[in-house]
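# Architecture and fold: a report
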Amino acid sequence: MATKVVMEALSPTMEEGRLVKWNKNEGDQIKSGDVLAEVETDKAVMELVARGDGVLRKRLANEGDASPVGTLLAVIANADENIDSIVGSAAPASTPAPAPAATPAATPAATSATPQTPAQSQGEASTPPQQKAPAGQSAAPARPAPPRPPGPPPAPRGNGASHPGASSAPGARQRSSPLARRLANERGIQLGAVQGTGPGGRIVKRDIENAKATGGGAGRSAAAERLASEGDFKDVPLTQIRKTIARRLTESNGPVPTFFLTAEYDATRGAELRTQLLEMGEQYKVSFNDIVIKAVALALAEHPEVNAHWLGDKIRHFNRIHVAMAVAVEDGLITPVLFDADRMTMWEISAKARELAKKARERKLTPDEYTGATFTVSNLGMFGIDQFTAIINPPEAGILAIGGVEEKPVVVDGQLEVRQRMRVTMSCDHRAVDGATGAKFLQTVKRYIENPLSLII
Amino acid sequence: MAVLTYRDALTQALREELQRDDSVFLMGEEVAQYNGAYKVSKGLLDEFGPMRIVDTPITELGFAGVGVGAAMVGLRPIVEFMTWNFALLALDEVVNAAAKMLYMSGGQYKMPMVFRGPNGAALQLSAQHSQAWESWLAHIPGLKVCTPGTPADAKGLLKSAIRDDNPVVFLEGEMLYNTKGEVPDGEHIVPLGVAELKRTGDHCSVITHGKMALVAMRVADDLAKEGINIDVVDLRTVRPIDVEAISRSVQKTNRAVVLEEGWEICGMGSQVVDFIQRECFDDLDAPVLRVHQEDVPMPYAKNLERAAKPDAGKTIAAIKKVMYLD
């Protein structure tokens, strides 16, 4: 039986991917598990793996092409199998991309007054300006083979349950039974990565079960598994007052009603500790960031109501502490996660944080490494920023922004002294965390930071 | 447990209820001296006399109306139609009088009566005498509609129907009268509106009622030999319908075939499928399929009649299709 190779959702937020490089040629013998191609997602460059045996009969995408998740990229089949119907149904997807450098920024659309709809940002560089629809309308209907159907861009649908961008050809939408969609959702399986065996390629229950059994599909990520294991969290049903707080604050302040708490900590002892550790040898070296992460992790263990996700109908308090750290990369930022950070020693945190930051800059993080956090820390101290506010990464309930350590005059016991000081600002989702709750958490962080020996013993 | 024919089970129910409550009486064409066209009232005239087992002229509308009047003044009439094909003439009394009396009298007149008789096709009785009417009757608010498929259900449901204070339409089957089955001894009551799981399996639900319950059970036994195990949900009463039993089964098997004797358009199956899509949308792994009579008046020719009727082969094909096995 022929196996369709589709653009898979290789990260939780991926809606389209760019085919960087084909590793296999048409006519190559393929075994399930072979790396067919490299695909650039919104987060990293990932491997696209074959999910069936046979011959790579047809490649339908060119290197450099960006395709929505679910688009047919190639067909694996027996050497003598007729694949015309499969290839034919995917004709629009095989339209070559205009130019290798067809990033949205390079398209005429970027300079046009027409608002950038998702449909327009998909490599439509060759569209003549006169074909553009009037401002405010999607330009899609004017094009012969739009990569998305005309009309407003489809709302995100969670696990990529539908693939509106797959093709405009009738029957090309990925079909799946309601049960299959429910099971895929429950098990964290990306439907786009599942081969449907029902009529017309419909994904049915047995396909989801096979996807799970063979490890096909994205599967439930280890991170998701970590967050969902029994007993690792406590769901708190929303009380009426919490519902009202959530509703009123959302009306006032956007989807995540955020407030900010700023505190200044004395980092003198922390600085001394760093110096002393460094004197013991290079292997004991830790950064201020490591000290903060460790302090935050230990404080989160004492304040599960901050180590939380806002889930719309409830708040989930996690018993395990997975701290994400924001890492700047060339064209954005990413938040790799230190899992069970409260149980790691300072040096384990230090080593792991360095490793994750390096992988992040090399774009080699896997989704398992950057999803599943319960709280995030963002540090701009190294850029000379003494204080800033960070934006919450939903559904997390908070994020802590760390400023740089600097010498300041402070009054200690009635005497003016020069001390090392640092400022932190916590952004809190007010639906889940109230002011006093956040303030108590910051007091605990202060206790750890100002008594840094407690972090290493 | 005694093994009885469907006919004898009905006779037992009538006798027991006639003995139990002297406001109960039976009337219809040839129910008394001839012992009933299908012998369901055999021996009842001798036992209960001509005041309670009453022969009527061939006037369906007339004696149905007499029944309605008797119910209004406190009796519990059982009106037998020789077949439901003939009962069409009496539908004004069934639909416009019996079904609406409680409502239109502001609750002053209860309507404790039963309209009963054979329903559906027998063999080569041609277009006018081979019709299944349950979807017509179940459509009417104010009526309850029973479709027993086995002797035990026939007895238990008829006793419930006679005791119910609302008009109950009771659909028997000419082809069922001679079928046999175990009937619990002593007082045996089957409540109205409760389905029964007649076979159990995880692979597919077959939802059915009346005569087709027998077909479904045979299908279940045949498929079990192939390793396919199905739920057979026998609705037994098609108004009210036991939606919970349907949901429970479909939520377990994730697929369903609805089997009925009547035509497709606005059939009972349409309603069952509606309940399924509403209650079980996220549980469905395949579209629900229906098996029913072909959309034609029943042919007289034997081969065409066979082709037009729903049967085990059509049901098995539908089951395999929703299981993605074909």
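Cut-off values and rules
- Residues numbered from 1 in each chain as written.
- Chains lettered and ligands numbered in written order.
- Predicted model: local features only at pLDDT ≥ 70, side-chain atom pairs only at ≥ 80, totals over all residues.
- Helix = DSSP H or I, 4+ residues; strand = E, 2+ residues; numbered from the N terminus.
- Buried ≥ 20, exposed ≤ 12 C-beta atoms within 10 Å, placed from the backbone.
- Contact = placed C-beta atoms within 7 Å.
- Expected span 1.5 Å × (residues − 1).
- Arc of directions from axis to C-beta.
- Core = buried A, V, L, I, M, F, W, Y, C linked by C-beta atoms within 7 Å.
- Axes fitted to C-alpha atoms, helices over the stretch in contact; angles between N-to-C directions.
- Parallel < 35°, antiparallel > 145°, perpendicular 65-115°, else oblique.
- Pairing = 2+ DSSP bridges.
- Nonpolar A, V, L, I, M, F, W, Y, C, P; charged D, E, K, R; others polar.
- pLDDT = per-residue confidence, 0-100.
- Right-handed = clockwise from strand over helix to strand, strands pointing away.
- Left-handed = near helix turned anticlockwise from the far one by under 90°.

### Digging into the overall build of chain B
- Of the regular secondary structure elements, chain B holds twelve helices and 14 strands.
- Looking at chain B as a whole, 52% of its 326 residues qualify as buried.
- Sequence separation of at least 24 residues holds for 79% of the intrachain contacts in chain B that already meet a minimum separation of 6.

### Observations regarding the overall build of chain A
- Looking only at helices and strands, chain A has twelve helices and 20 strands in total.
- Each of the 457 residues in chain A was classed as buried or not, and the buried ones make up 40%.
- For chain A, contacts bridging at least 24 residues in sequence account for 62% of all contacts bridging at least 6.

### Regarding helix α9 (residues 346-361) of chain A
Residues and elements named next belong to chain A.
- In this model α9 runs 23 Å from its N-terminal to its C-terminal C-alpha over 16 residues, within 8% of the 22 Å that 1.5 Å per residue would give.
- All buried positions along α9 are accounted for by I349, S350, A353, L356 and A360. Buried residues of α9, viewed axially, fall in a sector of 140°; they line one side. Within α9, the exposed residues directed more than 90 degrees away from the buried face are E355 and K358.
- Residues of α9 that are buried sit in contact with α8 (288-302), β13 (323-325), β14 (327-329), β15 (332-334), β16 (337-338) and α10 (367-370).
- Where α9 terminates, the next one or two residues include R363, which has phi positive at roughly 60°.

### Let's talk about the nonpolar core
- If you look at the biggest cluster of nonpolar residues, it comprises 193 residues, and the most contacted ones within it are A:I293, A:V296, A:V323 and B:V257.
- With residues near it in sequence (within four places) discarded, A:V323 still touches A:I293, A:V296, A:A297, A:V337, A:L338, A:A341, A:A373, A:F375 and A:V377.

### Details of the packing of helix α3 (residues 60-72) of chain B against helix α4 (residues 91-98) of chain B
All names here are of chain B.
- Two elements in contact, α3 and α4, have axes whose closest approach is 8 Å; the angle formed by their N-to-C orientations is 25°. By the angle between their directions, the pair α3 and α4 is classed as roughly parallel. Contacts between α3 and α4 involve L61, A64, G65 and V68 from the former and D92, E93, V94, A97 and A98 from the latter.

### Considering the sheet that holds strand β12 (residues 314-318) of chain A
Residue and element names in this part refer to chain A.
- Ordered by their spatial adjacency, three strands build an open sheet running β9-β12-β11, and the pairing between neighbours is antiparallel. Here the strands that pair on one side only, and so sit at the sheet edges, are β9 (233-237) and β11 (308-310). The mean angle between the axes of side-by-side strands here comes to 20°, regardless of whether they run parallel or antiparallel.

### Focus on the interface of chain A and chain B
- Contacts between the two partners involve eight residues from chain A, matched on the other side by eight residues from chain B.
- Per-element tally for the side of chain A that touches chain B: the top contributor is helix α3 (residues 178-187) of chain A, with four residues.
- In terms of residue class, the side of chain A that touches chain B is made up of four nonpolar, two polar and two charged.

### A short note on the environment of A:H322
Residue and element names in this part refer to chain A.
- Looking at where H322 falls in the secondary structure, it is placed in the loop between β12 and β13.
- Residue H322 is classed as buried on the basis of its 25 C-beta neighbours within 10 Å.
- Measuring from C-alpha to C-alpha, the distance between H322 and N307 comes to 8.7 Å, with 15 residues separating the pair along the chain.
- Leave out the neighbours within four places in its chain, and H322 touches V337, F339, D340, A341, G372, A373 and T374.

### Topic: the pairing of strand β2 (residues 24-28) of chain B
All names here are of chain B.
- Buried residues dominate β2, accounting for four of its five residues.
- Across five bridges, β2 lies against strand β4 (residues 76-80) in parallel orientation. Within β4, the position partnered with L26 by the bridge is I78.
- Inspection of the sheet shows β2 paired to strand β3 (residues 53-55) by three bridges, in the parallel sense. Bridge pairing in β3 links L26 to I53.

### Description of the sheet that holds strand β2 (residues 16-22) of chain A
Residues and elements named next belong to chain A.
- Judged by pairing direction, the sheet is antiparallel, and its four strands sit side by side in the order β5-β4-β2-β7 without closing on themselves. This sheet does not close on itself; its edge strands, each paired only once, are β5 (45-49) and β7 (66-68). The mean angle between the axes of side-by-side strands here comes to 40°, regardless of whether they run parallel or antiparallel.
- In this structure, strand β4 (residues 35-40) lies alongside β5, joined through five bridges in antiparallel fashion.

### So, the confidence of the model for chain B
- Model confidence for chain B is summarised by a mean pLDDT of 97, while 100% of its residues fall at 70 or above.
- Reported for the predicted complex are a pTM of 0.54 and an ipTM of 0.78.

### Concerning the pairing of strand β7 (residues 168-172) of chain B
All names here are of chain B.
- Counted residue by residue, β7 has five buried out of five residues, so it is predominantly covered.
- With three bridges joining them, strand β6 (residues 144-146) and β7 adopt parallel strand pairing. Its bridge partner being in β7, C146 is matched across the sheet by F170.
- Between the parallel elements β6 and β7, the chain passes through helix α7 (residues 151-163) in a crossover that is right-handed.

### Considerations on helix α1 (residues 6-20) of chain B
Residue and element names in this part refer to chain B.
- Between its first and last C-alpha atoms α1 spans 21 Å; for 15 residues at 1.5 Å apiece the expected length is 21 Å, and the two agree.
- Those residues of α1 lying buried are Y6, R7, D8, A9, L10, T11, A13, L14, E17 and L18.
- In the core, the buried residues of α1 are packed alongside β1 (2-5), β2, α2 (44-48), α7, β7 and β8 (180-183).

### Digging into unusual backbone geometry
- The omega torsion of the bond from A:P394 to A:P395 falls at 5°, within 30 degrees of zero and hence cis.
- Among the secondary structure elements, A:P395 is positioned in the loop between β17 (375-379) and β18 (398-402).
- Across the junction of B:R239 and B:P240, the peptide omega takes the value -5°, indicating a cis bond.
- Among the structural elements, B:P240 can be located in the loop between β12 (237-239) and α9 (243-253).
- Residue A:D413 is not a glycine yet carries a positive backbone phi of 50°.
- Tracing the sequence through the fold places A:D413 in the loop between β19 (406-412) and β20 (415-429).

### Focus: the packing of α9(B) against helix α10 (residues 268-279) of chain B
All names here are of chain B.
- Here α9 crosses α10 at 60°, and the two axes come no closer than 10 Å. Considered as vectors, α9 and α10 are oriented oblique to each other. The hand of the α9/α10 crossing is right-handed. On the side of α9, the interface is formed by V243, I246, S247 and V250, while α10 contributes V272, F275, I276 and E279.
- Looking at the contact of α9 with α10, its residues break down into six nonpolar, one polar and one charged.

### So, the environment of A:P409
All names here are of chain A.
- On the secondary structure map, P409 appears in strand β19.
- Accessibility expressed as a C-beta count within 10 Å gives 9 for P409, which makes it exposed.
- For the pair P409 and R421, spaced twelve residues apart in the sequence, the C-alpha separation amounts to 9.1 Å.

### Details of the confidence of the model for chain A
- Within chain A, residue pLDDT values average 77, and 77% of them lie at 70 or more.
- In the model, residues 91-171 of chain A has pLDDT below 50 throughout and makes 128 contacts with residues more than four positions away in sequence or in other chains.

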